[in-house]
Amino acid sequence: MTGTDLLIKGLSTGYPRRPVIRDLTLPPLPTGKLIAFVGPNAAGKSTLLMALAGLLPSTGTITLGDHELSALSARDRAKVMAFTPQTLPQGVALTVIESVIVALRASATAEPHLPGGSAAHRAAVALDRLGISDLGLESLDQLSGGQRQLVSLAQALVRDPKLLLLDEPTSALDLHHQIVVMDTLRRLAGEGHLVIVVLHDLNLAARWADYVVVFDHGGCAAAGTPAEALTAATIAEVYGVVARIEPGEQGRPHIIIEGVSPSHRDAAGLRNRSV
Ligand SMILES: Nc1ncnc2c1ncn2[C@@H]1O[C@H](COP(=O)(O)OP(=O)(O)OP(=O)(O)O)[C@@H](O)[C@H]1O
């Protein structure tokens, strides 16, 4: 463990009268790594991300380096982390570049009074990193779903936070942009950020993540390197599908889904997946 790991111990969180995560403890999640949270629908991934972002009340401890995150004010949290939800709000009358500048200023980071030129430069760099500079002057409300997702990511990147919490940032993206985003996230991790990303595509997780945490029913079903966490047995258990694992590049698993497991517990379990 290093001094800047994210530590989650005995964490419980959820919604009024709807506990989702109960007493969750994860292995230390180190800065400088790309961590994928995977698992079936309703397993609790988004709920956990929102609790980490301070958007849901929780008990237990969440520390990032020396910071006990639950003790930080919203303003101080915004200095160390950025959270990108699954959907962006509609009806925002801004251009793309304006929205990224607003995200930078709203985060009240170490430079709350950034001159306009610097803020615009940082926003332009964030768009460039994601290959969407050409969208800068487009109206936010006229973008496609995938374009909105990329802009949402740019709004997080521009703040250069230590911890990035990204909920399904590739779900609406074409193949090219999935790779651009995952490559960008890998580079950010390499630069010393801790990047936690919720993914449904297990092969994206297997190919890019340093560590994978598999969630099921509000708990951790498996955690480790992609090869350790994404085994055929775990995939069968949590998803109810038969998977074949083949060796991929650099010892990373390549997952081939062969079909639904006939013996899996029940499809109707979706409603009651969380504990
Ligand atoms: N606002 C809410 N109020 C009450 N319960 C909620 C709320 N949002 C989510 N839940 C419930 O919490 C549980 C976990 O949902 P969550 O969104 O965290 O799952 P997930 O793993 O992110 O799923 P998905 O892959 O479908 O996005 C589900 O049973 C869901 O019905």
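Preceding this paragraph is the structure being described.
Now for a description of the structure that goes with this document. Predicted, not measured: the structure shown is a model, and the values here were computed from it. (Residues numbered from 1 in each chain as written. Predicted model: local features only at pLDDT ≥ 70, side-chain atom pairs only at ≥ 80, totals over all residues. Heavy atoms only, no water.)

Observations concerning the packing of aromatic side chains
By convention here, two paired aromatic rings are described through the distance between centres and the angle between planes. One pass over the structure, following the stated rule, counts one aromatic pair. When the ring of Phe37 is compared with that of Phe215, the centres are 4.9 Å apart and the planes differ by 70°; the resulting orientation is edge-to-face. Highlighted residues: Phe37 in strand β3 (residues 34-38) and Phe215 in strand β9 (residues 211-216), separated in sequence by 178 residues. Residue classification places Phe215 among the buried residues on the basis of a relative accessible area of 0%. (Phe/Tyr/Trp six-rings, centres within 6.5 Å; stacked < 30°, edge-to-face > 60°. Helix = DSSP H or I, 4+ residues; strand = E, 2+ residues; numbered from the N terminus. Buried < 20%, exposed > 50% of the residue type's maximum accessible area, 1.4 Å probe, protein only.)

Section: the side chain of Arg252
Counting through the fold element by element, Arg252 comes out in the loop between β11 (241-247) and β12 (253-260). Engagement of the side chain of Arg252 in a polar contact is seen with the backbone oxygen of Ala209, the distance being 2.7 Å. Apart from the residues lying within four places of it in its own chain, the contact partners of Arg252 are Arg186, Ala205, Ala206, Arg207, Trp208, Ala209, Asp210, Pro226, Glu246 and Pro247. (Polar contact = N/O pair within 3.5 Å; in protein donor to acceptor, adjacent residues only side chain to side chain. Contact = heavy atoms within 4.5 Å.)

Brief notes about the sheet that holds strand β5 (residues 67-68)
Ordered in space as β2-β1-β4-β5, the four strands form an open sheet in which the pairing is antiparallel. Every other strand in the sheet has two partners, leaving β2 (18-24) and β5 as the edge strands with one partner each. Inspection of the sheet shows strand β1 (residues 6-15) paired to β2 by four bridges, in the antiparallel sense. Residue pairing in the sheet places Tyr15 in a bridge with Arg18 of β2. Of the strands in this sheet, β1, β2 and β4 (58-64) touch helix α1 (residues 45-52), which is tilted by about 115° from β1. (Pairing = 2+ DSSP bridges. Axes fitted to C-alpha atoms, helices over the stretch in contact; angles between N-to-C directions.)

Here we look at the pattern of salt bridges
Tallied over the full model, the rule gives six salt bridges. Residue Lys79 is joined to Asp76 by a salt bridge in which the shortest nitrogen-to-oxygen separation is 3.4 Å. Residue Lys79 and its partner Asp76 are located together in helix α2 (residues 74-80), separated by three residues, close to a single helical turn. For Asp76, a relative accessible area of 30% gives the class partly exposed. (Salt bridge = Lys/Arg side-chain N within 4 Å of Asp/Glu carboxyl O.)

What about the environment of Ala93?
Position of Ala93 among the secondary structure elements: in the loop between β6 (81-84) and α3 (96-106). Overall, Ala93 belongs to the exposed group, its relative accessible area being 77%. Put simply, Ala93 and Ala236 are 143 residues apart on the chain and 46 Å apart in space, counted from C-alpha to C-alpha.

Re the site of the ligand
Taken together, the neighbourhood of the ligand is formed by 15 residues, with Arg18, Ala42, Lys45, Ser46 and Thr47 sitting nearest. Contact distances for the ligand include 2.9 Å between an oxygen atom and a side-chain N or O atom of Asn41. Interatomic distance of 2.5 Å between a side-chain N/O atom of Thr47 and an oxygen atom of the ligand. Here the ligand has 640 Å² of accessible area as a free molecule, and 68% of this is covered by the chains. Taken together, the elements giving at least two residues each to the shell around the ligand come down to β2 and α1. Ranked by the residues each element gives to the shell around the ligand, the list is headed by α1, at three residues. Residues that form the shell around the ligand fall into these classes: five nonpolar, seven polar and three charged. (Near = heavy atom within 4 Å. Areas by Shrake-Rupley, 256 points an atom, 1.4 Å probe, with all protein chains shown as cover. Nonpolar A, V, L, I, M, F, W, Y, C, P; charged D, E, K, R; others polar.)

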